2 protein chains.
Amino acid sequence: MKLTTKMRYGTRALVDLALHQDQQPVPSGEIAERQQMPVKYLESILVLLRNAGFVRTTRGAMGGYSLAHDPADISLAELFDVLEGPDALVACTDGPDCDRYDGCVTREVWARMYAASREVLEETTLADLVSRAREKQHASGNMYHI
Amino acid sequence: MKLTTKMRYGTRALVDLALHQDQQPVPSGEIAERQQMPVKYLESILVLLRNAGFVRTTRGAMGGYSLAHDPADISLAELFDVLEGPDALVACTDGPDCDRYDGCVTREVWARMYAASREVLEETTLADLVSRAREKQHASGNMYHI
DNA sequence: ATAATCCCCACTATACACATAGGAATAGGA
DNA sequence: TCCTATTCCTATGTGTATAGTGGGGATTAT
Ligand code: FES
Ligand code: FES
């Protein structure tokens, strides 16, 4: 039960973008370098984020990625739905996909687990992470390393 | 972020054992048939459960598996630790394994997620699942299908 | 002895994580 | 305008872990 790298990298990428949204669009190479993640893999995640409407892209020289919305309006739960998918945790959390659905006793436990996890994500916005990152930057004097 | 089959199968296997613990030791073939899971794969999971002290094994003819403790004394969290491992959710939830530990802002969120999930598992015992299974058996008239 | 059963080892299949290669679009200068 | 560097975009290949398969040996009740 590991959180996928899509979710972890995607979250860090959005935080990085939020920290630099006052400037020009940020190229994927800069994000990858700062966040220490493989460039090409990051780009494949940014495609998902673009299709889901989290980021805007500008092609060509001087192009890059920028946030499409205010960080305070983005909860990690929305991100989770896109990057982990609706079938997260177990396939049969929210519907009778499984042929054993009626007699299943474990499903309810996994569903409670899922709900508890999701509640944490619901109440955390991108802006929360950004302000926490700014605090840490201030404390350590390290500009870019979040 | 999928729950592994080890955890899902393992849980169902223990519930199945609890429902039949009044009888002889239960052979893996019976569990696999009732629970609709691959025999050989189930056996590899039962090895883990034996090593962790959840089940006792009896070798030879008329042998099989039986619970080592009272179902009320087994929380799903203990099972989780064995079958999903201590590094569940993310590798750096409980220690400075990661070289980015100090500046990391996402770790705290993942840690809260992990704690919330685990709390659900802590407060659910095998006996809870068993009684729920008995209710469902009674309601449907289906003896073995949990 | 025989059949039933656990147990160990090695093999295959599938999904995820990541790398590589190249193409398409755009900004900026000659 | 045309060229070129920069950047996003798409497709395909590779490594690794999880999931599942299979054969055969060890142990024990009958
Ligand atoms: S409903 Fe599918 S395994 Fe429980
Ligand atoms: S502490 Fe390792 S990624 Fe955050």
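These numbers come from a predicted model, not from an experiment.

A word on the packing of aromatic side chains. Under the criterion given, the structure shown has three aromatic pairs over all chains. Judged by centre distance (6.5 Å) and plane angle (50 degrees), the ring pair of A:F80 and A:Y114 falls under tilted. Taken together, the residues A:F80 in helix α4 (residues 76-83) and A:Y114 in helix α5 (residues 106-122) connect sequence positions 34 residues apart. Residue A:Y114 is classed as buried on the basis of its relative accessible area, which comes to 15%. A centroid spacing of 5.9 Å and a plane angle of 75 degrees characterise the contact between B:Y9 and B:Y41, whose relative ring orientation is edge-to-face. Note that B:Y9 is positioned in helix α1 (residues 5-19) and B:Y41 in helix α3 (residues 39-51), a separation of 32 residues in sequence. Look at B:Y9 and you get buried, because its relative accessible area is 16%.

Turning our eyes to something else, we now look at unusual backbone geometry. All names here are of chain A. Not every positive phi belongs to a glycine, and M62 is a case in point at roughly 65 degrees. Structurally, the position occupied by M62 is in the loop between β1 (55-58) and β2 (64-67). Assessed through its relative accessible area of 66%, M62 is described here as exposed.

Bringing the interface of chain A and chain B into the picture now. Opposite the 41 residues of chain A that make contact, chain B presents 41 residues. Of all residues in chain A, the largest losses of buried area upon contact with chain B belong to A:M1, A:R100 and A:V105, amounting jointly to 20% of the total for that side. Counting across the chain A and chain B interface gives four salt bridges. A salt bridge links B:E108 to A:R132, with the nearest nitrogen and oxygen atoms 3.2 Å apart. Where the side of chain A that touches chain B is concerned, the elements lending two or more residues are α1 (5-19), α4, α5 and α6 (126-140) of chain A.

Next up on the list: the environment of B:Q35. Residues and elements named next belong to chain B. Along the chain, Q35 falls in helix α2 (residues 28-35). By relative accessible area, which is 1% here, Q35 ends up buried. Considering only alpha carbons, one finds Q35 and A13, 22 residues apart in sequence, at a separation of 7.4 Å. Polar side-chain contacts of Q35 include one of 2.9 Å to the side chain of D16.

The next point concerns the packing of α5(A) against helix α5 (residues 106-122) of chain B. Orientation of α5(A) relative to α5(B), taken along the N-to-C sense of each, is 150 degrees, at an axis distance of 8 Å. For the element pair α5(A) / α5(B), the angle class is roughly antiparallel. The handedness of the crossing between α5(A) and α5(B) comes out as right-handed. Here α5(A) contributes A:V109, A:W110, A:R112, A:M113, A:A116, A:S117, A:V120 and A:L121 to the contact with α5(B), which in turn contributes B:V109, B:W110, B:R112, B:M113, B:A116, B:S117, B:V120 and B:L121. Residue composition of the contact of α5(A) with α5(B), grouped by class: twelve nonpolar, two polar and two charged.

Calculation notes
- Residues numbered from 1 in each chain as written.
- Chains lettered and ligands numbered in written order.
- Predicted model: local features only at pLDDT ≥ 70, side-chain atom pairs only at ≥ 80, totals over all residues.
- Heavy atoms only, no water.
- Phe/Tyr/Trp six-rings, centres within 6.5 Å; stacked < 30°, edge-to-face > 60°.
- Helix = DSSP H or I, 4+ residues; strand = E, 2+ residues; numbered from the N terminus.
- Buried < 20%, exposed > 50% of the residue type's maximum accessible area, 1.4 Å probe, protein only.
- Contact = heavy atoms within 4.5 Å.
- Buried area = accessible area lost by both parts, 1.4 Å probe.
- Salt bridge = Lys/Arg side-chain N within 4 Å of Asp/Glu carboxyl O.
- Polar contact = N/O pair within 3.5 Å; in protein donor to acceptor, adjacent residues only side chain to side chain.
- Axes fitted to C-alpha atoms, helices over the stretch in contact; angles between N-to-C directions.
- Parallel < 35°, antiparallel > 145°, perpendicular 65-115°, else oblique.
- Left-handed = near helix turned anticlockwise from the far one by under 90°.
- Nonpolar A, V, L, I, M, F, W, Y, C, P; charged D, E, K, R; others polar.

Coordinates in, geometry out; function isn't part of it.
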